[in-house]
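Listed here are the chains, written in short residue letters.
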Amino acid sequence: MWHALIYSCAGGAAVLYALYRWVIPAAVQYHAGLALLWHDYFVERLLDTLTQSTRPQRLLGAVKKNATRGDPRSVVKAIDQFCRQKEWAMNVGDEKGCILDSVVSELNPATVLELGTYCGYSTVRIASMLPPHAKLITLEFNPDYAAVARQVIAWAGLEDKVQLVEGASGDLIPKMSEQFEVETFDLVFLDHWKDRYLPDTKLMEECGLLKKGSVLLADNVICPGTPEYLEYVRASPRYESQYFRSHLEYTKVEDGLEKSVFLG
Ligand SMILES: C[S@@+](CC[C@H](N)C(=O)[O-])C[C@H]1O[C@@H](n2cnc3c(N)ncnc32)[C@H](O)[C@@H]1O
Ligand SMILES: [Mg+2]
């Protein structure tokens, strides 16, 4: 009697674990809405409650456990492994990260602005490829994320290349030249909340932060999507715009990056 009860409980637990670990993730990875609902809402809340920690803290734990101090590539690898094997997270990810790398290496920018730091994954990718004396300013308005990102960036040994500023993009963009001594940016990576892409682009134009040849690289233009921004950069005679097709980080859902060169 007791044996039967124990066996059925263990069997039930194994089925639930398999559903959570493999079956549902495999089923949702082709569907944008379901993938985001599962990973970004359900799993995150479940693990936060069970572990009494946050996803960025768990990601930082994986970096400290698996990456070598002072080696940015090992930090990127540790985060990608964590996100593929343990928990999805909203980093640009390994697949779109390669497109980001190729834009950075082609441009060799001296000044970079990143909108949306989160845990510092893309910050590390970009900063590790910058030439000496280049400057990367990254903006993050969530203080808990910023605290984790500072540690991730320091673990990668890139704190001298990166200035992480806590605050909202709409407040900080107008202060760039006065407070941060940057007149124009060679590259801007847009990866914050999607409804801010267009107003912040117009704000950067108004503040004179873009010069002829400045590149805007925008993530997630398909998923979750930034239709007004895409319409603007594709229709405006001030930009030459190109879409790089890829997938939403760590899934098979279509997403991509839009590279838009400011023509002046
Ligand atoms: C998709 S995540 C950034 C991911 C990061 N670029 C990466 O690939 O590793 C977006 C981040 O932007 C931040 N954010 C959203 N809107 C913002 C704003 N207006 N100003 C500053 N940070 C913002 C959010 O708190 C979040 O951490
Ligand atoms: Mg993104």
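Computed from a predicted model, the values in this text were never measured in an experiment. (Residues numbered from 1 in each chain as written. Chains lettered and ligands numbered in written order. Predicted model: local features only at pLDDT ≥ 70, side-chain atom pairs only at ≥ 80, totals over all residues.)

**Q** Any chance you could explain the overall build of the chain here in plain terms?
**A** Scanning the chain from terminus to terminus reveals 12 helices and 7 strands. A globule of 264 residues ought to have a C-alpha radius of gyration of about 18 Å, and the chain, at 20 Å, matches this closely. Here the C-alpha coordinates of the chain stretch approximately 80 × 40 × 30 Å along the principal axes. Contacts in the chain between residues far apart in sequence, at least 24 positions, make up 72% of those at least 6 positions apart. (Helix = DSSP H or I, 4+ residues; strand = E, 2+ residues; numbered from the N terminus. Rg over C-alpha atoms; globule rule 2.2 N^0.38 Å. Contact = placed C-beta atoms within 7 Å.)

**Q** Please clarify how the nonpolar core should be interpreted in this entry.
**A** The tendency in soluble globular proteins is for nonpolar side chains to be buried as a group. V63, V75, I79, V124, V152 and V188 are the most contacted members of the largest nonpolar core, which totals 66 residues. Apart from the residues within four sequence positions on either side, V63 is in contact with V75, A78, I79, V152 and W155. (Core = buried A, V, L, I, M, F, W, Y, C linked by C-beta atoms within 7 Å. Buried ≥ 20, exposed ≤ 12 C-beta atoms within 10 Å, placed from the backbone.)

**Q** How should I be thinking about the confidence of the model for the chain in this particular structure?
**A** Should pLDDT be low for a region, the predicted coordinates there are not to be read in detail. In the predicted model, the chain carries a mean pLDDT of 94, and the fraction of residues at 70 or more is 100%. If you check the scores for this complex, the pTM reads 0.93 and the ipTM reads 0.99. (pLDDT = per-residue confidence, 0-100.)

**Q** Just checking my understanding: could you explain the site of ligand 1 for this structure?
**A** Neighbouring ligand 1 are 18 residues, the closest being V92, G116, Y121, S122 and H192. Elements represented by at least two residues in the shell around ligand 1 include exactly α6 (121-127) and β2 (135-140). By residue class, the composition of the shell around ligand 1 is 9 nonpolar, 6 polar and 3 charged. (Near = placed C-beta within 6 Å. Nonpolar A, V, L, I, M, F, W, Y, C, P; charged D, E, K, R; others polar.)

**Q** Sorry if this is basic, but what is going on with the sheet that holds strand β3 (residues 162-166) here?
**A** Sheet strands pair via backbone hydrogen bonds, and the direction of the pair is either parallel or antiparallel. Spatial strand order, β3-β2-β1-β4-β5-β7-β6: 7 strands in an open sheet with mixed pairing. The open sheet terminates on both sides in strands that have one partner only, identified here as β3 and β6 (239-247). Within the sheet, the average angular offset between the axes of one strand and its neighbour, ignoring direction, is 15 degrees. Here β6 pairs with strand β7 (residues 254-262) via 9 bridges, running antiparallel. Bridging across to β7, Y243 finds its partner in E258. Most of the contacts of helix α7 (residues 143-155) go to β3, to which it runs at about 170 degrees, and overall it touches β2 and β3. (Pairing = 2+ DSSP bridges. Axes fitted to C-alpha atoms, helices over the stretch in contact; angles between N-to-C directions.)

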